[in-house]
Amino acid sequence: MKDFKGKVAVITGGASGVGRAIAHLLAKEGAKVVVADIEAKALDRTVSELAALGCECMGQRADVTDASSMNSLVDAVMARFGAIHLVFANAGVGTGEAGNMWDYELNDWEWGFRVNTWGLIHSINAFLPKLVAQNEEAHFVVTGSGNGAFLMLPNTPIYTASKAAVQAITENLHYQLQASQSPVKVNALFPGPNVVNTGIFNSERNRPESLPGNPDKPDSGIHSVEDMKAIMAQYDMQLQTTEPEEVAEFAIQGIRDERFWISPMSDKARAAFVARVDSILNKTTPTVPDVL
């Protein structure tokens with residue numbers, strides 16, 4: 001897919017961060033953009049921004065943890081545009097893990113997996129039947145994470161585990177569509193190569209009331225990228241960051257190039273990944289990866 005003009009793109013988690021940046025870039029490319037998000041005010045703001053660019057767009061409040069909500073999203077898009085060419089399964093949360101894994105609240109585990117893993121499952125079940133039935137070129141782009149897909153970072157076990165599952169699902173989806181010779185392609189998008197400046201560290205703003213957090217749990221102290229920078233500065237270290245707009249640029253280029261792996265890596269992350277693979281192959285005891 002080289003030209004996005006007139007193509008219909010649906011983006012979950014599309015009202016902020018990487019999703020919003022992708023929406024803006026596709027609007028400039030002439031695509032018809034559907035922004036889906038659980039955060040109503042941010043959703044309205046993003047749709048207004050896209051409309052101001054002259055984009056034919058729509059917004060829909062959607063909850064990736066709810067299968068019926070995702071089915072309603074697909075129905076609304078089909079009713080409005082009659083086709084879907086690009087799906088960005090992008091919604092995700094961080095649960096603010098801190099302390100020992102065995103002390104974590106079950107609600108934190110459930111929330112993380114509901115959004116990050118089950119959110120992808122619900123997206124696949126809602127969108128893939130339509131994409132396959134169209135029998136024309138389309139892309140299903142999954143926002144994964146090197147934390148889980150390539151490396152295991154011990155300070156975020158819930159996020160790491162949920163994203164490891166996401167990558168397993170993504171690769172298997174790719175293999176199944178490939179085996180069926182479907183024109184639907186899967187792309188595995190990894191925001192980077194550095195920590196991306198998004199609101200994922202403040203995911204609590206969208207936490208459901210049905211899964212409340214424990215107000216007395218240890219605080220990681222990291223609620224924004226600025227918090228990470230401040231903590232690292234205390235150790236005379238500088239945090240390198242990547243802006244969402246950079247991620248959007250290489251995501252769209254990755255689709256144009258028909259790359260499954262859309263995964264820029266920093267030198268440190270690449271070295272840590274190689275060390276992990278070597279540890280597996282040579283059966284040596286793994287050590288904590290140094291990626292910052």
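Computed from a predicted model, the values in this text were never measured in an experiment.

1. Some words on the packing of aromatic side chains
All chains considered together, the criterion is met by 7 aromatic pairs. Between Trp 109 and Phe 113 the ring centres are 6.4 Å apart and the planes differ by 25°, which places this aromatic pair in the stacked class. Here the residue Trp 109 and the residue Phe 113 both occupy positions in helix α4 (residues 106–134), the gap between them amounting to 4 residues, near one helical turn. For Trp 109, a relative accessible area of 23% corresponds to the partly exposed category. A relative accessible area of 25% places Phe 113 in the partly exposed class. Aromatic pair Phe 150 and Trp 261: ring centres 5.9 Å apart, planes at 45°, arrangement tilted. With Phe 150 in the loop between α5 (146–149) and α6 (157–179) and Trp 261 in strand β9 (residues 261–262), this residue pair connects regions lying 111 residues apart in the sequence. For Phe 150, a relative accessible area of 11% corresponds to the buried category.

2. Section: α6
Here α6 spans 33 Å end to end across 23 residues, near enough to the 33 Å set by a 1.5 Å rise per residue. On its buried face, α6 sits against α4, β5 (138–143), α5, β6 (184–189) and β9. Looking at the residues trailing α6, positive phi occurs at Gln 181, about 55°.

Cut-offs applied
Residues numbered from 1 in each chain as written. Predicted model: local features only at pLDDT ≥ 70, side-chain atom pairs only at ≥ 80, totals over all residues. Heavy atoms only, no water. Phe/Tyr/Trp six-rings, centres within 6.5 Å; stacked < 30°, edge-to-face > 60°. Helix = DSSP H or I, 4+ residues; strand = E, 2+ residues; numbered from the N terminus. Buried < 20%, exposed > 50% of the residue type's maximum accessible area, 1.4 Å probe, protein only. Expected span 1.5 Å × (residues − 1). Contact = heavy atoms within 4.5 Å.

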